[in-house]
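As a plain string of letters, each chain reads:
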Amino acid sequence: MAGIDEMKEDAKAIFAAGVAAADPYQAVLSALEVHDGEWSEAAKIHVIAAGKAALPMMRAALDFLPHGKIADALAVTNYENMDEVEGVTVIGASHPLPDENGAEGVRQIETIAQDAGASDLVVCLISGGASALLPAPPEGITLEEKIRANDLLLKSGADIVAMNTVRKALSRLKGGGLARAIRPAQGLALILSDVPGDDLAIIASGPTVPDPAEPGAALEIVRRFGLERKMPESVMAHLEKRAGRSKPDFVQTTENILVGSNRISLDAAEGAAAHRGYKTVILSEWLDGDVAAAAAAFHDAARAAPAGEKTAILSGGETSVEVTGSGKGGRNQEMALRFALLCEESRLPVEWVFLSGGTDGRDGPTDAAGGITDPYTAGTLKATGKPAEAYLADNDAYHALKEADGLVMTGATGTNVADLQVLLLG
């Protein structure tokens, strides 16, 4: 077990290096230094931050921007990252399912944006999680109905791109809504990415970026995943009405700048693994799709890896899981447990440790960042009388990993650039 314990510490350190590379404070400072022309010429500056990294991004902005110009500062973040920031109105809201606090945050954001004058600058600090944290249902849809729609999407197996396409169609703020509210003022959006390809229209559902999707795209997605009969009637009526409209014109007065991403974190994880003597292999720069297929891809890569040398197989991205059971867990915990089960059924010829975790420190509606498993995980569970298969059938990876001492607990990290996976082979 000594070798396994050392590999576990290596895996956690490699994961931590990836999280550290997504430091939102430094990302904002660097961007403001480069783009001084936008803020230095403004009459007044309004600062809005939303997402899981809202507070460190806000602190960086306040430490850098001239205080005499700052008219107001508002941050909306998830409850786990809540803290006091001097001179800032901080609102804690629910994630991944929206709540009334998030809706109140939207109302205050809209007021700030709409009151900004033509000579003012609105600085928008956007990070992962902002989509759920800022629910702004259109007229005719209640917040409860919006929450119901979001819950159905989360459990449908839809990927982040499909989910955000529907979320944008059910929002006043997303899909460029915030940019429209900012006009005629100038906007500067500094964005931390948690999506594939760092598409600015997808991150946080693109509040400052025009929606490239056709008006009927959201309705097609709802139908593709068989959700039309489960969705509230008001939601379906809105999507059907929207599908019949033409695409609106969009006048852009906000500059959008990417300041951090999953790829940057994956590079840092690769460097940390190499520093620890591992030969590194990038399985995927953006791993998505169902967790079962993702776990199988790692298992195949492990079997194909050359024998006789320490190897780290890494990936970043965001998978999805269709929830059919009533258990507790998240996509990262389920992937780690599924990988352990695959290795029980088809053993690897070397010692191994597999870690899958969310860079925000929270995997699904749990207090764990993800899971870490080894060659003994499946056997430990079987010895208790409840094998891994039983836990997975109920989507209960959290309690399985808790039983096997396989939960990765980091606490809220203050950032969010999606997930990282680390497979170490001895």
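Quick note: structure is the one above.
This section reports on the structure supplied with the text. All values derive from a computational prediction rather than experimental measurement.

So, how was this worked out
- Residues numbered from 1 in each chain as written.
- Predicted model: local features only at pLDDT ≥ 70, side-chain atom pairs only at ≥ 80, totals over all residues.
- Heavy atoms only, no water.
- Salt bridge = Lys/Arg side-chain N within 4 Å of Asp/Glu carboxyl O.
- Helix = DSSP H or I, 4+ residues; strand = E, 2+ residues; numbered from the N terminus.
- Buried < 20%, exposed > 50% of the residue type's maximum accessible area, 1.4 Å probe, protein only.
- Core = buried A, V, L, I, M, F, W, Y, C linked by side-chain atoms within 4.5 Å.
- Contact = heavy atoms within 4.5 Å.
- Phe/Tyr/Trp six-rings, centres within 6.5 Å; stacked < 30°, edge-to-face > 60°.
- Lys NZ or Arg CZ within 6 Å of the ring centre and 35° of its normal.

Structural notes on the pattern of salt bridges
Right, on to step 1. Under the criterion given, the structure shown has 19 salt bridges.
Right, on to step 2. Between E309 and K279 there is a salt bridge, with its nearest N and O atoms 3.8 Å apart. Placement of the pair is E309 in the loop between α13 (291–304) and β8 (311–317) and K279 in strand β7 (residues 279–287), with a sequence separation of 30 residues.
Right, on to step 3. The partly exposed category is assigned to E309, whose relative accessible area is 33%.
Right, on to step 4. Among the ionic pairs, E318 bridges to R331, the shortest N-O distance being 3.4 Å. Linking E318 in the loop between β8 and α14 (331–345) with R331 in helix α14, this pair joins segments that are 13 residues apart in sequence.
Right, on to step 5. Among the residues examined, E318 registers a relative accessible area of 10% and is labelled buried.
Right, on to step 6. Salt bridges sharing partners connect three or more residues here, namely E100, E104 and R107.

Let's talk about unusual backbone geometry
Right, on to step 1. The linkage connecting H95 with the following residue, P96, adopts the cis geometry, with an omega of 10°.
Right, on to step 2. Following the sequence through the fold, P96 ends up in the loop between β3 (89–93) and α5 (100–115).
Right, on to step 3. At the junction of R183 and P184, the peptide bond is cis and its omega measures out at 10° in the coordinates.
Right, on to step 4. Along the chain, the position of P184 falls in the loop between α9 (177–182) and β5 (186–192).
Right, on to step 5. You will see that N395, though not glycine, has its phi angle at about 50°, which is positive.
Right, on to step 6. Tracing the backbone through its elements, the reader meets N395 in the loop between α16 (388–393) and α17 (397–403).
Right, on to step 7. Phi at D405 is positive, roughly 55°, even though this residue is not glycine.
Right, on to step 8. Take D405: it is sitting in the loop between α17 and β11 (407–408).
Right, on to step 9. Given the relative accessible area of 63%, D405 is considered exposed.

Some words on the nonpolar core
Right, on to step 1. The biggest cluster of nonpolar side chains holds 49 residues, and the ones touching the most others in it are L134, M231 and L239.
Right, on to step 2. Top element by residues in this core is helix α8 (residues 160–169). It accounts for five residues.
Right, on to step 3. Residues contacting M231, with those up to four places away along its chain left out, are A149, L152, L153, V222 and M236.
Right, on to step 4. With 35 residues, the next largest nonpolar core counts I45, A61, A75 and V259 among its residues.

Comments concerning the packing of aromatic side chains
Right, on to step 1. By the definition in use, this model includes four aromatic pairs.
Right, on to step 2. Centre to centre, the rings of F339 and W352 are 5.0 Å apart; their planes meet at 80°, and the pair counts as edge-to-face. Linking F339 in helix α14 with W352 in strand β9 (residues 352–358), this pair joins segments that are 13 residues apart in sequence.
Right, on to step 3. In this structure an aromatic cluster arises from ring pairing among F298, F339, W352 and F354.
Right, on to step 4. Positioned above the aromatic ring of Y278 is the side chain of K310, whose terminal nitrogen or guanidinium carbon lies 4.4 Å from the ring centre.
Right, on to step 5. The positively charged end of K386 is found above the aromatic ring belonging to Y391, 4.3 Å away from the centroid.

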